[in-house]
Amino acid sequence: MLAAVGNGRLKANGRPFAHIARFHPELTAFRRDLHAHPEIGFEEVYTARRVTEALKACGVDEIHAAIGKTGVVGVIKGRSTASGRMVGLRADMDALTMSETNEFAWRSAKPGLMHGCGHDGHTAMLVGAARYLAETRNFDGTAVLIFQPGEEGFAGAKAMIEDGLFDRFPVEAVYAMHNWPGLKPGTIGLNPGPMMAAADKVTIEVTGKGGHGAHPYLAVDPVLVAAHIITASQSIVSRNVRPVDGAVVSLCAMQAGDVHAMSVIPGKAVLVGTVRTFTSDVQELVETRLTELCTAVALGFGATATVKYERVYPATRNSANEAAFAADVAESLVGPDHVVRDLEPSMGAEDFSFMLQVKPGAYLRIGQGGEGSCMLHNSRYDFNDDILPLGSALHAGLIEQAMPLAAA
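Residues numbered from 1 in each chain as written. Predicted model: local features only at pLDDT ≥ 70, side-chain atom pairs only at ≥ 80, totals over all residues. Heavy atoms only, no water.

Within an unreviewed UniProt entry, the label attached to the protein reads Amidohydrolase, and the organism entered is Ramlibacter algicola.

*Asks:* Can you tell me about the UniProt feature "binding site: Mn(2+)" (unreviewed entry) in the protein, naming the residues and giving the values?
*Replies:* Per the UniProt record, "binding site: Mn(2+)" (unreviewed entry) is found at Cys117, His119, Glu152, His178 and His377. The greatest C-alpha distance among the residues just named is 13.2 Å, despite their covering 261 residues of sequence, which places them together in space. On the secondary structure map, His119 appears in helix 4 (residues 119-136). By relative accessible area, which is 1% here, His119 ends up buried. Beyond its immediate stretch of four places on either side in the chain, His119 contacts Asp92, Met93, Asp94, Glu151, Glu152 and His178. Of the polar contacts made by the side chain of His119, one reaches the side chain of Asp92; its length is 3.2 Å. Note on placement: His377 falls in the loop between strand 18 (361-367) and helix 12 (388-402). If we skip the residues at most four places from it in the chain, His377 touches Leu96, Met98, Gly116, Cys117 and Glu152. (UniProt positions renumbered as here; feature names shortened; annotations may be inferred. Helix = DSSP H or I, 4+ residues; strand = E, 2+ residues; numbered from the N terminus. Buried < 20%, exposed > 50% of the residue type's maximum accessible area, 1.4 Å probe, protein only. Contact = heavy atoms within 4.5 Å. Polar contact = N/O pair within 3.5 Å; in protein donor to acceptor, adjacent residues only side chain to side chain.)

*Asks:* Describe the nonpolar core, naming the residues involved and giving the relevant values.
*Replies:* One recurring pattern in soluble globular proteins is that nonpolar side chains are buried together. Counting residues in hydrophobic clusters, the biggest one holds 93 residues, and the most contacted among them are Ile76, Phe147 and Met355. Apart from residues no more than four positions distant in its own chain, Ile76 is found in contact with Val60, Asp61, Ala130, Leu133, Ala134, Arg137, Phe139, Gly141, Thr142, Ala143 and Leu145. The next biggest cluster of nonpolar side chains, apart from the first, holds 25 residues, and it includes Ala226, Ile229, Ile236 and Tyr309. (Core = buried A, V, L, I, M, F, W, Y, C linked by side-chain atoms within 4.5 Å.)

*Asks:* Give me the pairing of strand 14 (residues 268-277): which residues, what numbers.
*Replies:* Judged from the 10 bridges that link them, strand 10 (residues 198-207) and strand 14 form a sheet pairing that is antiparallel. Bridge pairing links Val202 to Gly273 in strand 14. (Pairing = 2+ DSSP bridges.)

*Asks:* I'd love a proper account of the sheet that holds strand 3 (residues 62-67), names of residues and values included.
*Replies:* As summarised here, the arrangement of the eight strands in space is 3-4-6-5-7-18-8-17, forming an open sheet in which the pairing is mixed. The open sheet has two edge strands, strand 3 and strand 17 (339-340), and neither has a second partner. As paired elements, strand 7 (residues 173-180) and strand 18 share seven bridges and run parallel to each other. Bridge pairing in strand 18 places Trp180 opposite Gly367. Sheet strands in contact with helix 10 (residues 320-334) are strand 7, strand 8 (188-189), strand 17 and strand 18, and its direction is about 35° off that of strand 18. (Axes fitted to C-alpha atoms, helices over the stretch in contact; angles between N-to-C directions.)

*Asks:* Lay out the pairing of strand 10 in plain terms, naming residues and giving numbers.
*Replies:* As judged from the nine bridges shared by strand 10 and strand 15 (residues 304-313), these two strands associate in the antiparallel manner. Looking at the pairing, Ala199 lines up with Tyr313 of strand 15.

*Asks:* Would you mind going over the sheet that holds strand 10 in detail, with residue names and values included?
*Replies:* Read across the sheet, four strands follow the order 12-14-10-15 without closing on themselves; strand pairing throughout is antiparallel. One side of each edge strand has no neighbouring strand; the edge strands of this open sheet are strand 12 (247-256) and strand 15. On average, each strand axis in the sheet is tilted by 20° relative to the strand beside it, whichever way the strands run. Along the sheet, helix 7 (residues 222-233) contacts strand 10, strand 12, strand 14 and strand 15; its crossing angle with strand 12, the most-contacted strand, is approximately 170°. Packing against the sheet, helix 9 (residues 280-300) makes contact with strand 10, strand 12, strand 14 and strand 15, and its axis sits at approximately 160° to strand 15.

See the structure below:
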């Protein structure tokens, strides 16, 4: 069965999509309400309450709140649970600290906060799946729906795990998806390896000797040292990392001196940046070389440099079997011509990586792009509501096909 939704251009196969399409307007209203009330990591009080209310209305079997501070978990049992199987689905709930410049009715009502990454849509899609799964229960096992706080830099996935998420709900696999403006609506992409890079934070403190700008020979200029470190750091990837291994070193900010003191050489300069890698070997190589380089460059100018290297998010790596399974489910929904099984990894980062370190699973991208669409973290970004039933149906398909009912 092939069903259309929204403007009629987005179509998908199967009962889940046709079923969910019937309450598409309700999902859209729910999503837009979340968009108008953005909340940052671990402050998703309104969002968690709305999710809890929606899950109650859907008729899920259990609702567990305050996991990982503001996380919510819904549990739905299938028509049978004889298999003893349990599969998890995850959606992130938090917004960003940025100002929205859209003018539609559901724009952010909170200055300086915005759903600029589509987590409002991710939450709505998982709620849509919850409603369908609770109404039909066409599976043998237990579905665990994870509404996660604090993805945007707060490591909410890690917080939920440390709060006993997988001890209380021992899923055999876990899946997540993220909207992607770079793919057309109706297209789903993934690969069986790294989907997102590890994100590390680097802080470099250069200590010299302050002095007068007219007499630099009496000082050790940390600004000059920092400038050489910035330039030299760009040799790390090009001259140390194999071309087939991805890595990025970006020093994005420098603080030194006073802009109102044109003739004062400061005593210190601080650089802050990020390193992105896909493998632990390359990650360790870059950390070692950056530390050695900063120390040596500073020494050459008579200064000192210290490097603080913080590993923030690990790389998001799909497990091969679960990625292949998720791609098969996607194909059953939209057809093989609309599934990209070798999607190019992104140098962005994602804290679903913490869940994939503990459980096998897969992270998918669901296309939402089109004419005039904005990339993520853009002040004019908005989630494409046309794909809500498709994302919900994909979530539902992962549950039904992972834990099928025995043939009568």
